[in-house]
Amino acid sequence: MPKRKLAKCSKDWKVRENKLKELELEVSGELAKELGNLRDQLPKCDEAIEAARGLVEGVRLKLEECQQNKETVQSELEKQRDLIKQCSIEIENFVKEQKIG
């Protein structure tokens, strides 16, 4: 009896061991397939990253341009303020001369 039980146990063990190997192969196959899918997606991701870098560079250049425009406008505004002050002084002087004369 014990030999039969031992043989049955050994047979059950072998069946379970084989089943485990099958499952390992199945899982590793699924993992390999998924890894392959991910590898296939990498070029698309690289393209998207490059496109995003291009957009970021475009925005950076536009911001630089805006900053330069802002500085130009501020400079011109300052010139206009100075001109207005100068005109205001000249008008005041003209009015004073008219009152005196």
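Below is a short write-up of the structure. (Residues numbered from 1 in each chain as written. Predicted model: local features only at pLDDT ≥ 70, side-chain atom pairs only at ≥ 80, totals over all residues. Heavy atoms only, no water.)

Along its length, the chain carries 1 helix and 0 strands. Taking 2.2 N^0.38 as the reference for a compact globule, 101 residues should give roughly 13 Å; the C-alpha atoms of the chain span a radius of gyration of 42 Å, well beyond that estimate. Taken along its principal axes, the extent of the C-alpha atoms in the chain is 140 × 25 × 10 Å. Of the accessible surface of the chain, which amounts to about 9900 Å², a share of 61% is contributed by carbon and sulfur atoms. (Helix = DSSP H or I, 4+ residues; strand = E, 2+ residues; numbered from the N terminus. Rg over C-alpha atoms; globule rule 2.2 N^0.38 Å. Areas by Shrake-Rupley, 256 points an atom, 1.4 Å probe, with all protein chains shown as cover.)

Judged by side-chain polarity, Ile-91, Phe-94 and Val-95 come together as a nonpolar surface patch covering roughly 290 Å² of accessible area. Along the polypeptide, Val-95 turns up in helix 1 (residues 2-100). (Patch = residues over 30% accessible without salt bridge, like charges linked within 9 Å, V, L, I, M, F, W, Y side chains within 5 Å. Salt bridge = Lys/Arg side-chain N within 4 Å of Asp/Glu carboxyl O.)

Here the focus is the pattern of salt bridges. In total, this model carries 6 salt bridges according to the counting rule given. Where Glu-50 meets Arg-53, a salt bridge forms, and the shortest distance between an N and an O atom there is 2.7 Å. Residue Glu-50 and its partner Arg-53 are located together in helix 1, separated by 3 residues, close to a single helical turn. On the basis of relative accessibility, which here comes to 48%, the residue Glu-50 falls in the partly exposed class. Here Arg-60 and Glu-64 are joined by a salt bridge, their closest N and O atoms 2.3 Å apart. One end of the pair, Arg-60, and the other, Glu-64, are both in helix 1, 4 residues apart, so they sit about a helical turn from each other. Since its relative accessible area comes to 36%, Arg-60 is described here as partly exposed. Taking relative accessible area as the criterion, Glu-64 reaches 39% and is therefore assigned partly exposed. A network of salt bridges, in which partner residues are shared, links Glu-57, Arg-60 and Glu-64. (Buried < 20%, exposed > 50% of the residue type's maximum accessible area, 1.4 Å probe, protein only.)

Here we take up the environment of Ala-51. Along the chain, Ala-51 falls in helix 1. For Ala-51, a relative accessible area of 45% translates into the label partly exposed.

Before going further, it helps to examine helix 1. With 99 residues, helix 1 should cover 147 Å at 1.5 Å per step; its first-to-last C-alpha distance of 138 Å lies within 8% of that length. The largest bend in helix 1 is about 30 degrees, located at Leu-42, with the proline Pro-43 one to four residues further on. (Expected span 1.5 Å × (residues − 1). Bend = angle between axes of the 7 residues up to and from the residue.)

Moving on, we get to the environment of Arg-39. Relative to the helices and strands, Arg-39 is located in helix 1. Relative accessible area serves as the criterion here: at 54%, Arg-39 is assigned to the exposed category.

It is worth stressing that arrangement in space is one thing and function is another; only the former is reported here.
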